[in-house]
Amino acid sequence: MRAAFLDRDGVVNIDRGYVHRWEEFEFVPGAAQAMARLQRAGWRLVIVTNQSGIARGYFNEAQFQALTGRMLQALAEAGVDAAAVAVYHCPHHPHGRVPTLAVDCDCRKPAPGMILRAAAEHGLSLADSILVGDKPSDIAAARLAGVGRAFLVHSDNPESVVALAKADVDAVFDKLTDCVDMLLSAADWAQ
Ligand SMILES: [Mg+2]
Ligand SMILES: [Zn+2]
């Protein structure tokens, strides 16, 4: 099965920096609907998100899981089959304040660990899959994992300007919804 690997902050929701409360969580316009369209077109949705705020002690695992629950509930209200959305997060950071999480891990993007784990656990064909991210580290993780195509979205993130110049991306879009428009129209073309 093919998957759409999505970064969270800056792709699904507006990146306000270490978002961990539902009150701070605002979907990028059209993102939830775009996720529903991807799913209906046969893409397994997998969120892969660096959450170093946990290692840094800004918030904890329980708060992350609570926010994830609210996000999935909101996605369900937008027509997504939320039970079929897989969420992988990296709570680590080498310079974190929480000792057990202050490690050099294999899952913090640009490392490909979350993508490889998801592929193994859900039987995903990485070559047939895509990733949508807003930073060079997202694109690099996709390349290291062997994801077929990697797309960048701006989402008004200043780091994505750097990514525009540097990253080896297959295409650049304003937002997730524009990327999905392209993917689904390309699929129509192929039929
Ligand atoms: Mg991001
Ligand atoms: Zn990690």
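The structure presented is a predicted model; accordingly, all values stated were derived computationally and were not measured.

Trainee: Could you give an account of the overall build of the chain, naming the residues involved and the relevant values?
Mentor: For the chain, the count of helices and strands is seven helices and six strands. Ordered by position from N to C terminus, the α and β elements of the chain give β-α-β-α-α-β-α-β-α-β-α-β-α. Against the globule reference of 16 Å for 191 residues, the chain gives a C-alpha radius of gyration of 16 Å, in line with a compact fold. Viewed in the frame of its principal axes, the chain has a C-alpha envelope of about 55 × 35 × 35 Å. Buried positions account for 40% of the 191 residues belonging to the chain. Sequence separation of at least 24 residues holds for 63% of the intrachain contacts in the chain that already meet a minimum separation of 6.

Trainee: Tell me about the environment of K175, and name the residues and values.
Mentor: Tracing the backbone through its elements, the reader meets K175 in the loop between β6 (171–173) and α7 (176–190). Leave out the neighbours within four places in its chain, and K175 touches V28, P29, G30, V153 and S155.

Trainee: Just give me the short version of helix α4 (residues 113–122), but keep the residues and values in it.
Mentor: Where α4 is concerned, the buried positions are M114, I115, A118 and A119. Across the axial projection of α4, the buried residues extend over an arc of 135°, all falling on one side. Structural note: α4 exposes A120 and E121 on the side pointing more than 90 degrees away from its buried face. Buried residues belonging to α4 abut β1 (3–6), β2 (44–50), β3 (86–90) and α5 (136–145). With its phi angle positive at about 60°, G123 sits one or two positions after the end of α4.

Trainee: Outline α5, supporting the account with residue identities and numerical values.
Mentor: Every buried residue of α5 is listed here: P136, D138, I139, A141, A142 and A145. A positive backbone phi angle near 85° is found at G146, which sits one or two residues after α5.

Trainee: Talk me through unusual backbone geometry; I want residue IDs and the actual numbers.
Mentor: With an omega of 20°, the peptide bond between K109 and P110 qualifies as cis. When you line up the elements, P110 lands in the loop between β3 and α4. With phi around 55°, Y18 is a residue other than glycine that occupies positive phi space. Of note, Y18 is situated in the loop between β1 and α1 (31–40).

Trainee: Tell me about the nonpolar core, and name the residues and values.
Mentor: Of all hydrophobic cores here, the largest spans 46 residues; its most connected members are A4, F5, I115, V132, A142, V147 and L176. Sort the elements by how many residues they give to this core and α1 lands first, with five residues. Contacts of V132, omitting those with residues within four sequence positions, involve A4, L6, D7, V11, F151, V153, L176 and C179.

Trainee: Help me get a handle on the sheet that holds strand β5 (residues 149–153), residues and values and all.
Mentor: Read from one edge of the open sheet, six strands run β3-β2-β1-β4-β5-β6, paired in parallel fashion. A single partner strand is all that each edge strand has here, and the edge strands are β3 and β6. The mean inter-strand angle of the sheet, taken between neighbouring strand axes irrespective of direction, is 20°.

Each value, and the rule that gives it
- Residues numbered from 1 in each chain as written.
- Chains lettered and ligands numbered in written order.
- Predicted model: local features only at pLDDT ≥ 70, side-chain atom pairs only at ≥ 80, totals over all residues.
- Helix = DSSP H or I, 4+ residues; strand = E, 2+ residues; numbered from the N terminus.
- Rg over C-alpha atoms; globule rule 2.2 N^0.38 Å.
- Buried ≥ 20, exposed ≤ 12 C-beta atoms within 10 Å, placed from the backbone.
- Contact = placed C-beta atoms within 7 Å.
- Arc of directions from axis to C-beta.
- Core = buried A, V, L, I, M, F, W, Y, C linked by C-beta atoms within 7 Å.
- Pairing = 2+ DSSP bridges.
- Axes fitted to C-alpha atoms, helices over the stretch in contact; angles between N-to-C directions.

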